[in-house]
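Per-entry structural report
Here are the chains, one letter per residue:
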Amino acid sequence: MASKMLQFVSEAKAMPDKRKAATRKADFDEIYADFSAQSAETQAARCSQCGVPFCQVNCPLHNNIPDWLMLTAEDRLQEAYEVASATNNFPEICGRICPQDRLCEGNCVIEKGFESVTIGAVEKYITETAFDKGWVKPVAPSVELEQSVGIIGAGPAGLAAADQLRRKGYQVVIYDRYDRVGGLLIYGIPGFKLEKDIVQRRADLLAAGGVEFQLNCEIGKDISFADLRARHAAVLIATGVYKARDIQLPGSGLDGVVPALDYLTASNRKSLGDKVADFDSGTLNAEGRDVVVIGGGDTAMDCVRTAVRQKAKSVTCLYRRDRANMPGSQREVENAEEEGVQFEWLSAPRAFDGDGRVESVIAQSIHLGQPDETGRQVPQIIDGSDRRLPADLVIKALGFDAEDLPALFGEKDLTVTRWGTVQIDWQSMMTSMDGVFAAGDIVRGASLVVWGVRDGRDAAVAIDSFIQAEARAENRAAS
Ligand code: FAD
Ligand code: SF4
Ligand code: SF4
C-alpha cells in the first residue's frame, strides 16, 4: 500500500471552498471552487485503500476510485485521468452533480469514525486538470465502420452511448428536439450546480470526434420513427421523461401557478443569452415575487435557489414529509437554507387563492402516520390546520412521468411498463422492437445523470453486439 495514503486519521475532511451565500446569490455561477493541487493531494491521501472498496461498489459506474485517489495523492494526474475516464464519459459532470452522499461518499467506510473522502471533488479536479493540460482529446477511432446508429436524445444517456459507439468506429447521429446538446444538463439543472460551458465543451468534443448532431429535430414529428429505423442499423431511445406530475386543487388554473421545468428552462435559456418571452413578461420570472415551491426533490431545490437568484421577495418550500424523509440531497437543502429559503416541512397545499392570478396558497399541516407497504410513513392531514401563505408565483415540482412514446412514435409495438417507461430486456438493453434499444430516464423513470451514463454505456455494448451479430448472419447468408 502506498505510504502516502491513510491520512484520514490526521487530515480532516475538507471540501473545496464554497462561495459565501451573499455573493453567490447574485449570480448563476457554480458555488464551489476547484481544489488546489495541494488540497486535492491531501484529500485524496485520506483514502484507506480498502480491500473491498464500498465507494466503488456503490458508484453506478463502479469507478476505480481507490486507484485514482492514490494516483492523485502521488501527483500522477495523467494516469489518474486515464483511470477515471476509463469508466465514466463525463467525470467532471458527475464529480459536480452526483448526490455523492447517497452513492460513493455515503458508502466510504472511513465515514463511520471519520468523515468520508471527498471523492466527487477529486474526480472533478482530475478531469478539469486533464482539460487544462490538453489531455482530453476528441475520439479518433482506429477503424471506420459503415454501419450507423441513430440516437434519439442528446442527454447524458444518449451522449455516453454516442461516445462509446464512436470509439468503436460506428457512424453516430444524435437527433434532439432542442436547439442545444445536453438534455436536462443544459435546460434542467441550473448553472449554480453545473455551468453550461462544461456541457458545451463535451458537445464540442463529441462533434470534433465525428458524432453528428441533428438539432431542432423531433422524432415522431419532423422525422417519423419508422424512417429513422430505416436509416440506421440500430436505434437508441434516450428521450428522458418530461410529463410533469400535477395536482388538481381549487385554484390550480390561476395565472402564476407554473410547472417547475418550464420555470427552470426559461431561467437557463435566459442565462444562455436567449430571448425568452415568458421570462421577460414576468410569467416565469420570480423577481419581486413571493414564491412558493411545492415538492421536496432535487428539482424543487433547484427552483427555490433559482428564485433566490432572480431576487424574489420571499421563497418558501412546502414539503409534505419532514427533512429526514425528503428525496432531495441534504447538501442542497443546506445550500438553500444558507441562501435564505424558508422550509415548511410537513405541509401541503389545500388550495390556491386569487382573482385571476394567484395571491396566496392555503397550506395544511401533515402528520406522518403508519408506514405503508413500501415502508414510508403515510402523510395524513391535520384537520383545522389551514394557514395562508402569500404567493404570487407558485412552482409545482412534483416529479415527472414518461410521455406516451408508442403514440408519439406511432409504434404500438413498442412495449411500455405500467408507468409508461420503455420496457427493455436488461441483458440485451433491447426494447420489444428488433434493433431498437433504450437507456436513461425513459427506462428507469426520473433518475440521475450517473445512471444515464451507465445505461448509455451498457446500451453501446449491446448495440455493438447486435450489429456485429447481424453482420455475421448477413455474411453467412451471402456465402
Ligand atoms: P434527458 O437528460 O432528459 O435528455 C433527453 C433528451 O431527449 C432531451 O434533450 C430531449 O430534448 C430529447 N428528446 C425527447 N424526446 C425527443 C424526441 N421525440 N425527438 C428528439 N429528441 C427528443 N441528476 C443528477 O445526477 N444530479 C442532479 O443534481 C440532478 N438535478 C436535476 C435537476 C432537475 C431540475 C431535473 C429535472 C433533473 C435533475 N437530475 C439530476 C436528473 C438528471 O438530469 C436526469 O436523470 C438525466 O438528465 C437523464 O438523462 P437522459 O439522457 O435519460 O434524459
Ligand atoms: Fe461518485 Fe458519481 Fe463519481 Fe461515481 S460517478 S464516483 S457516484 S461522483
Ligand atoms: Fe477509500 Fe473510502 Fe473508497 Fe475505502 S471506501 S477505498 S477509504 S474512498
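Source: prediction; values computed, not measured.

Of the regular secondary structure elements, the chain holds 18 helices and 16 strands. Relative to its length of 479 residues, the chain is compact, with a C-alpha radius of gyration of 24 Å against a globular reference of 23 Å. Counting only C-alpha atoms, the chain reaches 80 × 60 × 45 Å along its principal axes. With 479 residues in all, the chain has 54% of them scored as buried. Taking as baseline every contact in the chain between residues at least 6 positions apart, the subset at least 24 positions apart corresponds to 70%. For the chain, the accessible surface area stands at approximately 20700 Å², while carbon and sulfur atoms represent 48% of it. Seen as two clouds, the 54 positive and the 70 negative side-chain charges of the chain have centres 2 Å apart.

What follows covers the site of ligand 3. Taken together, Cys47, Ser48, Cys50, Pro53, Cys55, Pro66, Leu69, Cys108, Val109, Ile110, Val117 and Ile119 form the complete shell of residues around ligand 3. Taken together, the residues that form the shell around ligand 3 break down as eleven nonpolar, one polar and no charged.

Taken together, the side chains of Glu146, Asp434, Glu470 and Glu474 make up a negatively charged region of the molecular surface. Inspection of the secondary structure puts Glu474 in helix H18 (residues 449–478).

Turning next to the sheet that holds strand E14 (residues 393–396). Within a sheet, adjacent strands bond to each other through the backbone by hydrogen bonds, running parallel or antiparallel. What the five strands build is an open sheet, ordered E6-E14-E7-E8-E9; its pairing is parallel. Two strands lie at the open edges of the sheet, namely strand E6 (257–259) and strand E9 (342–344), each paired on one side alone. Adjacent strand axes in the sheet meet at a mean angle of 25°, parallel and antiparallel pairs treated alike. Taken together, the three bridges between E6 and E14 define a ladder with parallel strand orientation. When the bridges of E14 are listed, Val258 appears paired with Ile395. Contacting E6 and E14, helix H12 (residues 260–271) crosses the sheet at an angle of about 75° to E6.

Moving on, we come to the sheet that holds strand E16 (residues 436–438). The strand order across the open sheet built from five strands is E3-E2-E1-E4-E16, with neighbouring strands paired in parallel fashion. Both edges of this open sheet fall to strand E3 (212–214) and E16, since each of them pairs with a single strand only. Pairwise comparison of adjacent strand axes, ignoring direction, gives a mean angle of 20° for this sheet. Of the pairings in the sheet, the one linking strand E2 (residues 171–175) to E3 comprises three bridges and is parallel in character. What sits directly across from Tyr175, in E3, is Gln214.

Under the 1.5 Å per step criterion, the end-to-end length of helix H10 (residues 196–208) is 18 Å for 13 residues, consistent within 8% with the ideal 18 Å. Taken residue by residue, H10 has Lys196, Ile198, Val199, Arg202, Ala203, Leu205 and Leu206 as its buried positions. Looking at the packing, one finds that the buried side of H10 touches helix H6 (91–97), helix H7 (119–133), helix H8 (156–167), helix H9 (184–187), E3 and H12. Downstream of H10 by one or two residues, Gly210 has phi in the positive range, about 105°.

Time to look at the environment of Cys108. Counting through the fold element by element, Cys108 comes out in the loop between H6 and H7. Accessibility expressed as a relative area gives 8% for Cys108, which makes it buried. As a C-alpha pair, Cys108 and Ser48 span 60 residues in sequence and 9.6 Å in three-dimensional space. Apart from residues lying up to four places away in sequence, Cys108 is in contact with Ser116 and Val117.

Below, the discussion takes up the pairing of strand E12 (residues 377–381). Here strand E11 (residues 357–371) runs beside E12; their pairing, made up of four bridges, is antiparallel. The partner of His367 across the bridge, within E12, is Gln380. Where E11 folds back onto E12 in an antiparallel hairpin, the turn is made up of five residues, including Gly375, whose phi is positive at roughly 95°.

Its domain assignment divides the chain into domain 1 (2–133), domain 2 (148–241 + 402–478) and domain 3 (245–399). Distance between the C-alpha centres of domain 1 and domain 2: 29 Å. Joining domain 1 to domain 2, the criterion identifies two salt bridges. A salt bridge links Arg202 to Glu92; its shortest N-O distance comes to 2.7 Å. Counting the contacts that link domain 1 with domain 2 gives twelve residue pairs in polar contact (both at pLDDT 80 or more). Tallying contributions element by element places H6 first for the side of domain 1 that touches domain 2, with six residues. Looking at the side of domain 1 that touches domain 2 residue by residue, the classes come out as 14 nonpolar, five polar and six charged.

Here the focus is the packing of aromatic side chains. As enumerated under the stated definition, the model contains six aromatic pairs in all. An angle of 70° between the planes, with centres 5.6 Å apart, marks the rings of Phe437 and Phe466 as edge-to-face. Separated by 29 residues along the polypeptide, Phe437 in strand E16 and Phe466 in helix H18 bring together distant segments of the chain. Like Phe466, Phe437 is buried. Taken together, Tyr178, Tyr187 and Tyr242 form an aromatic cluster joined through their ring pairs. Residue placement shows Arg177 over the ring face of Tyr178; its charged tip is 6.0 Å from the ring centre. Here Arg177 stacks its cationic end above the ring of Tyr242, 5.0 Å away from the centre of that ring.

Criteria and cut-off values
Residues numbered from 1 in each chain as written. Chains lettered and ligands numbered in written order. Predicted model: local features only at pLDDT ≥ 70, side-chain atom pairs only at ≥ 80, totals over all residues. Heavy atoms only, no water. Helix = DSSP H or I, 4+ residues; strand = E, 2+ residues; numbered from the N terminus. Rg over C-alpha atoms; globule rule 2.2 N^0.38 Å. Buried < 20%, exposed > 50% of the residue type's maximum accessible area, 1.4 Å probe, protein only. Contact = heavy atoms within 4.5 Å. Areas by Shrake-Rupley, 256 points an atom, 1.4 Å probe, with all protein chains shown as cover. Lys, Arg positive; Asp, Glu negative; His and termini not counted. Charge placed at Lys NZ, Arg CZ, Asp CG, Glu CD. Near = heavy atom within 4 Å. Nonpolar A, V, L, I, M, F, W, Y, C, P; charged D, E, K, R; others polar. Patch = residues over 30% accessible without salt bridge, like charges linked within 9 Å, V, L, I, M, F, W, Y side chains within 5 Å. Salt bridge = Lys/Arg side-chain N within 4 Å of Asp/Glu carboxyl O. Pairing = 2+ DSSP bridges. Axes fitted to C-alpha atoms, helices over the stretch in contact; angles between N-to-C directions. Expected span 1.5 Å × (residues − 1). Domains from an automatic or database assignment. Polar contact = N/O pair within 3.5 Å; in protein donor to acceptor, adjacent residues only side chain to side chain. Phe/Tyr/Trp six-rings, centres within 6.5 Å; stacked < 30°, edge-to-face > 60°. Lys NZ or Arg CZ within 6 Å of the ring centre and 35° of its normal.

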